[in-house]
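Residue strings, one per chain:
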Amino acid sequence: MTTLTRRVGDVQLDVIVADITTLSVDAIVNAANTSLLGGGGVDGAIHRAAGPELVAECRMLHGCKTGDAKITKGYRLKAANVIHTVGPVWNGGALGEDDLLASCYRRSLELCRKHQLTSVAFPAISTGIYRFPADRAADIAVRTTIEMLPGTPSVTRVVFCCFSEPSAGLHAEALGRQAGPC
Ligand code: AR6
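Cut-offs used in this document
- Residues numbered from 1 in each chain as written.
- Predicted model: local features only at pLDDT ≥ 70, side-chain atom pairs only at ≥ 80, totals over all residues.
- Heavy atoms only, no water.
- Phe/Tyr/Trp six-rings, centres within 6.5 Å; stacked < 30°, edge-to-face > 60°.
- Helix = DSSP H or I, 4+ residues; strand = E, 2+ residues; numbered from the N terminus.
- 1 Å grid on protein atoms, 1.4 Å probe; cavity = no way out; pocket = protein on both sides within 12 Å on 5 of 7 lines; lining within 4 Å.
- Points joined across faces, edges and corners; volume = space filled by probe spheres on them.
- Buried < 20%, exposed > 50% of the residue type's maximum accessible area, 1.4 Å probe, protein only.
- Contact = heavy atoms within 4.5 Å.
- Arc of directions from axis to C-beta.
- Near = heavy atom within 4 Å.
- Polar contact = N/O pair within 3.5 Å; in protein donor to acceptor, adjacent residues only side chain to side chain.
- Areas by Shrake-Rupley, 256 points an atom, 1.4 Å probe, with all protein chains shown as cover.
- Nonpolar A, V, L, I, M, F, W, Y, C, P; charged D, E, K, R; others polar.
- pLDDT = per-residue confidence, 0-100.
- Salt bridge = Lys/Arg side-chain N within 4 Å of Asp/Glu carboxyl O.

By the naming in an unreviewed UniProt entry, the protein chain goes by RNase III inhibitor and is assigned to Bradyrhizobium neotropicale.

Counted according to the given criterion, the structure contains two aromatic pairs. Arranged with centres 4.8 Å apart and planes meeting at 65°, the rings of Trp90 and Phe132 form a pair that is edge-to-face. In this pair, Trp90 sits in the loop between strand 5 (81-86) and helix 3 (97-114) while Phe132 sits in the loop between strand 6 (119-122) and helix 4 (134-148), placing the two residues 42 residues apart along the sequence. When the centroid spacing of 4.7 Å and the interplanar angle of 40° are considered together, the rings of Tyr105 and Phe122 count as tilted.

Empty space among the atoms becomes visible once a probe the size of a water molecule is rolled across them. Quantified by volume, the largest pocket comes out at close to 520 Å³. Lining the largest pocket we find 27 residues, and of these Ala31, Gly41, Val42, Asp43 and Gly128 sit closest to its centre. Among the secondary structure elements, those contributing two or more residues to the lining of the largest pocket are strand 3 (27-32), helix 1 (41-50) and strand 7 (157-162). If you tally residues by element for the lining of the largest pocket, the top one is helix 1, at four residues.

So, about the environment of Gln12. When you line up the elements, Gln12 lands in strand 2 (residues 11-17). The exposure class of Gln12 is partly exposed, given its relative accessible area of 26%. In this structure, the C-alpha to C-alpha distance between Gln12 and Phe132, residues 120 residues apart in sequence, is 26 Å. Not counting the four nearest positions on each side in its chain, Gln12 is found in contact with Thr5, Arg6, Arg7, Thr156, Arg157 and Val158.

A few words now on helix 1. Those residues of helix 1 not exposed but buried are Asp43, Gly44, Ile46, His47 and Ala50. The buried residues of helix 1 all sit within an arc of 165° when viewed along its axis, so they share a single face. Facing away from the buried side of helix 1 by over 90 degrees, the exposed positions are Gly41 and Arg48. Among the structural elements, strand 3, helix 2 (52-59) and strand 5 are those in contact with the buried residues of helix 1. Two residues or fewer after helix 1 comes Gly51, characterised by a positive phi angle close to 95°.

Taken together, the neighbourhood of the ligand is formed by 19 residues, with Asn33, Gly40, Val42, Asp43 and Ile129 sitting nearest. For the ligand, a nitrogen atom lies 3.0 Å from a polar atom in the backbone of Ile20. For the ligand, whose unbound accessible area comes to 710 Å², protein coverage reaches 88%. Only strand 3 and helix 1 provide two or more residues apiece to the shell around the ligand. Counting residues per element, the shell around the ligand draws most heavily on helix 1, at four residues. Residue composition of the shell around the ligand, grouped by class: ten nonpolar, seven polar and two charged.

All right, on to the confidence of the model for the protein chain then. Per-chain confidence: the protein chain averages 96 in pLDDT, with 97% of residues scoring 70 or above. Both scores are given for the predicted complex: the pTM is 0.98, the ipTM 0.99.

Under the counting rule described, the total for this entry stands at seven salt bridges. Between Arg76 and Glu53 there is a salt bridge, with the nearest N and O atoms lying 3.4 Å from each other. A residue pair is termed long-range when its members are at least 10 positions apart, and Arg76 in the loop between strand 4 (69-73) and strand 5 and Glu53 in helix 2 qualify at 23 residues. When the shortest N-O distance is used, the salt bridge between Arg107 and Glu110 registers 2.4 Å. Highlighted residues: Arg107 and Glu110, both in helix 3, separated by three residues, approximately one helical turn. Given the relative accessible area of 24%, Glu110 is considered partly exposed.

Printed below as a string of structure tokens:
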């Protein structure tokens, strides 16, 4: 179900409620941990759906710093690639959490540019097990993505793939505010 679609220049931005492992896009983004060896939440779902080849490739990446991102193939997923990024654990907001979360979106979109990907889907990074406030995270996700679009010309579609209606509502509000009315 598409909750909201906006165009910014030539780029289509969608907010949907879906299981990100089902999407046919060039890359889905994984909210991973620094080991890149799997975990719970969306990370666990992506590894289950992609199959054991994914963790085998991840093992060769030797982890990932918080705020950074690394790319692998998608194996049994419909998505050809997985971009693994590590969001910050929320600790009250004074430890650079906002900048680190923005960096996840920035570094993921930089990988899209580097690999000439056209479509990418993000989950609401850090808003589950890492407890980042969902409204604040949605704002950062949408703002950082829109800021990055001019420097990411290969990308023509960005999906904010939410896992609940309230999460989609927050992304839709942020998109409505920041991309302007239809
Ligand atoms: N499709 C889309 N979104 C999902 C899915 C799914 N299949 N499953 C969960 N979400 P979380 P984090 C949403 O906890 O907070 C892992 O153990 C979920 O509702 O997956 O960044 C990692 O290994 C929430 O809105 O990631 C790390 O240790 C969002 O995805 C840690 O969790 C992110 O929730 C990362 O925590």
